[in-house]
Amino acid sequence: MAAADNPSAALRRSDLCSRGIRLAGKMRSDVVDLLDTYVEWQGLDASASVAVMEGVPAAAAERWDEQTGTQRLLENLAAYRAFRALLAQMLEEQQEQLGEADTALGRALAAILLQVSAFTYHLEELLQLESRGPPSKEEDGTPPPPHLSLFERKLRGLGVLRELAQWAVRSARDLRQLAKPSPGSNSVPSPAGSP
């Protein structure tokens, strides 16, 4: 039964959306703080322009207002799964670059990675509540990164963090939209052949 069909499920969805909005806000705040640290540690210019990088999900959405709640959740889930892989890679590269030194940057990257993982789980819970299990983890994979120079990896990291901050804003907006009571608008058509 979809969340809109059951009052207790609707309350649970509303609670999950509210918590998700708070998580997204906290994550955005922490990512913005991390951006400052990242730019400083990597010796980059904060105003550096970063081209779109392969494998980094873009937060911009075409026809956002036409998407169902489930479509929004699925796009968010795919993006955060990709960010989880990208941040893990950034953390690994950071450790290779600076050794096992427990730097502020490494700790901040690890904290953001944990927040992204928690938010991913939160989105999976919401999808489960919407009577749609999350897509298989196999869809999680981002293509292996091309061999990049140290400077290119630094710029890619900057692009990842900037886009993650934008996704946190989009996610909060998506969850606010999902929390609005509008029966029937949050479901996708049933697969062919199902009752």
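Structure's up top.
The structure reproduced in this document is the subject of the present report. (Residues numbered from 1 in each chain as written. Predicted model: local features only at pLDDT ≥ 70, side-chain atom pairs only at ≥ 80, totals over all residues. Heavy atoms only, no water.)

## Let's talk about the overall build of the protein chain
Within the protein chain, the secondary structure is distributed over 4 helices and 0 strands. Along the protein chain, helices and strands appear, N-terminal first, in the series α-α-α-α. Counting across all 195 residues of the protein chain, residues that qualify as buried make up 41%. Taking the intrachain contacts of the protein chain between residues at least 6 apart in sequence as the baseline, contacts between residues at least 24 apart amount to 87%. Accessible area for the protein chain stands at about 10600 Å²; split by element, carbon and sulfur atoms hold 55% of it. (Helix = DSSP H or I, 4+ residues; strand = E, 2+ residues; numbered from the N terminus. Buried < 20%, exposed > 50% of the residue type's maximum accessible area, 1.4 Å probe, protein only. Contact = heavy atoms within 4.5 Å. Areas by Shrake-Rupley, 256 points an atom, 1.4 Å probe, with all protein chains shown as cover.)

## Comments concerning the packing of helix α3 (residues 104-129) against helix α4 (residues 150-179)
Contact geometry for α3 and α4: axes closest at 13 Å, N-to-C directions at 25°. The angle between the axes of α3 and α4 places the two elements in the roughly parallel class. Seen from above, α3 lies across α4 with left-handed handedness. Facing Ile112, Val116, Phe119 and Leu126 of α3, the residues of α4 in contact are Leu164, Ser171, Leu175 and Leu178. (Axes fitted to C-alpha atoms, helices over the stretch in contact; angles between N-to-C directions. Parallel < 35°, antiparallel > 145°, perpendicular 65-115°, else oblique. Left-handed = near helix turned anticlockwise from the far one by under 90°.)

## Some words on the pattern of salt bridges
Under the definition given, this model contains 9 salt bridges. Between Asp174 and Arg72 there is a salt bridge whose closest N-O contact spans 3.8 Å. Taken together, the residues span a long stretch of sequence, with Asp174 in helix α4 and Arg72 in helix α2 (residues 69-98) at a distance of 102 residues. Taken as a pair, Asp174 and Arg72 share a single burial class, namely buried. Here Glu124 and Arg81 are joined by a salt bridge, their closest N and O atoms 2.9 Å apart. Remark: Arg81 occurs in helix α2 and Glu124 occurs in helix α3; sequence separation between them is 43 residues. Both residues of the pair, Glu124 and Arg81, belong to the buried class. Within the structure, one salt-bridge network assembled from shared partners comprises Arg72, Glu75, Arg170 and Asp174. (Salt bridge = Lys/Arg side-chain N within 4 Å of Asp/Glu carboxyl O.)

## Focus on the packing of aromatic side chains
Across all of its chains, the model carries 3 aromatic pairs by this definition. Pairing Tyr80 with Phe83 gives two aromatic rings, centres 6.2 Å apart and planes at 55°, and the pair type is tilted. Of this pair, Tyr80 and Phe83 both sit in helix α2, 3 residues apart, which is roughly one turn of that helix. Note on Tyr80: relative accessible area 0%, which makes it buried. Among the aromatic residues, those joined into a ring-pair cluster are Tyr80, Phe83, Phe119 and Trp167. (Phe/Tyr/Trp six-rings, centres within 6.5 Å; stacked < 30°, edge-to-face > 60°.)

## A short note on the environment of Thr70
Among the secondary structure elements, Thr70 is positioned in helix α2. What makes Thr70 buried here is its relative accessible area of 1%. For the pair formed by Thr70 and Glu130, sequence separation is 60 residues and the distance between their alpha carbons is 7.5 Å.

## Concerning the packing of helix α1 (residues 7-42) against α3
Contact geometry for α1 and α3: axes closest at 9 Å, N-to-C directions at 160°. With respect to their mutual orientation, α1 and α3 come out roughly antiparallel. Handedness of the crossing formed by α1 with α3: left-handed. Looking at the contact of α1 with α3, its residues break down into 19 nonpolar, 5 polar and 6 charged. (Nonpolar A, V, L, I, M, F, W, Y, C, P; charged D, E, K, R; others polar.)

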